[in-house]
Amino acid sequence: ILVPTITAENLIVTENEKKVKGTVSITEQANGYAILSFIPEKQFAANSSIKIILTTDLQDDAGLGNNQDFVIEYMTSSANDTSFTNNSGFENGTNGVTFVGDGSVLVGDQGCVSPFGTSFAGITSGTQLISSDSAIGEATSLMILGPINSNVSSISFKYNFLSAEFQEYVGSQFDDSFVAVVVGENGAYSEFITSVNTLGTAGNTACNSFPWMPDNGDSYFGTTGWQNKQMSFPNMGNDTYIIFIVTDVSDTIYSSIVCIDDVTVN
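Residues numbered from 1 in each chain as written. Predicted model: local features only at pLDDT ≥ 70, side-chain atom pairs only at ≥ 80, totals over all residues. Heavy atoms only, no water.

Topic: the sheet that holds strand S13 (residues 187-195)
- With antiparallel pairing, 5 strands are arranged side by side in an open sheet as S7-S10-S17-S12-S13. Of all the strands in the sheet, just strand S7 (97-100) and S13 have a single pairing partner and so form its edges. This sheet shows a mean twist of 15° between the axes of neighbouring strands, independent of strand direction.
- Of the strand pairs in this sheet, strand S12 (residues 177-184) and strand S17 (residues 240-247) are connected by 7 bridges, and their pairing is antiparallel. Looking at the pairing, Ser177 lines up with Thr247 of S17. (Pairing = 2+ DSSP bridges. Helix = DSSP H or I, 4+ residues; strand = E, 2+ residues; numbered from the N terminus. Axes fitted to C-alpha atoms, helices over the stretch in contact; angles between N-to-C directions.)

Following this line, the structure appears as C-alpha cells:
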C-alpha cells in the first residue's frame, strides 16, 4: 500500500449511507500483502448497513490502482451482552466471545491439540472445519473477545497455529496469516503474529491428528505447538475488544487453524 494514497476520499466508509470517520491500521504480512483495519470513531449501531469503498485512486507501492472501485457491504449485528472477564480459558463457553466465520469453543483434546483447562477456542480459514459456518469468502475468520470493562494496556495468550499449507506452500504467495487487533475507546492497535511463510518448514512439526484436517491437502499438516504471546499497547480505555483474525491469501483451500487459550488481560 502506498500510504499517502490512503485518504478520506480513497477509502470511504459509510453507515446507512452516511460517511463516517475512523482510524486505519495497516498490518503487513510476511508475503508483502497487507491487512487494512478500519476502526470507526463511534461504534457502529446494531442492524446498520455498512459499506466500504476502496477507490481506483488507492495505490499499491508501485503506484498502481484498482481497475475499478472495490466495494464491501454488510449488516452489523448486536454486540455481545456478556463479559469476557471471567472466561480467560474459555471454560464458560462463549461468554464474551463472538465468532465471525468458522470458529468455535472446543472441549477436550482435539487430536494433537490439548487445552490447558477443559476448553480452548479456534478459528479457521476454511469451510465448516470446526463449526457449522464457513470462513468469510472461504478465507477469513474472526474471534472477538469483549467488551472488557477495564483499562487495558497489555494482553497475553497462548496460540497454536496449524496449517495444511505446510510444507509444500511455504514461501509461496498463498500465505495464511494470524493477526490480532485491540480496539477501545482510545483507539486501535494491530499486530502481525505469524504466518506459514514466517514459520517456514522448520517452524512446525507434523500433527498426527486433528478432526477435519487436512482439507484438500496431502496427508501432512503442521503445527507450531502452543506458543506464548504478549502484546503491549497504549491504554485502550473501557469497552475494549480483542479481535483475533486468521486469513488466507489468493486461495480457498489448504486451510489453517488458530487455536487460542489462557487469555490474560492487564
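Considerations on the state of the cysteines
- Enumeration over the complete set of coordinates arrives at 1 disulfide.
- A disulfide bridge connects Cys112 with Cys207, and the sulfur atoms are separated by 1.9 Å. For the disulfide bridge between Cys112 and Cys207, the dihedral angle about the S-S bond is near -95°, and by the sign convention the bridge is left-handed. With Cys112 in the loop between strand S8 (103-107) and strand S9 (119-124) and Cys207 in the loop between strand S14 (205-206) and strand S15 (222-223), this pair connects stretches of sequence that are 95 residues apart.
- The class for Cys112 is partly exposed, based on a relative accessible area of 27%.
- Just so you know, Cys259 is unpaired, no disulfide at all, and the nearest cysteine sulfur is the one on Cys112, 7.9 Å from it.
- According to the relative accessible area criterion, Cys259 is buried, its value standing at 0%. (Disulfide = S-S within 2.5 Å. Buried < 20%, exposed > 50% of the residue type's maximum accessible area, 1.4 Å probe, protein only.)

Concerning the environment of Ser78
- With respect to the helices and strands, the residue Ser78 is situated in the loop between strand S6 (70-75) and S7.
- Looking at Ser78, the relative accessible area reads 55%, which means it is exposed.
- Residues Ser78 and Ala180, 102 residues apart in the sequence, show an inter-C-alpha distance of 22 Å.

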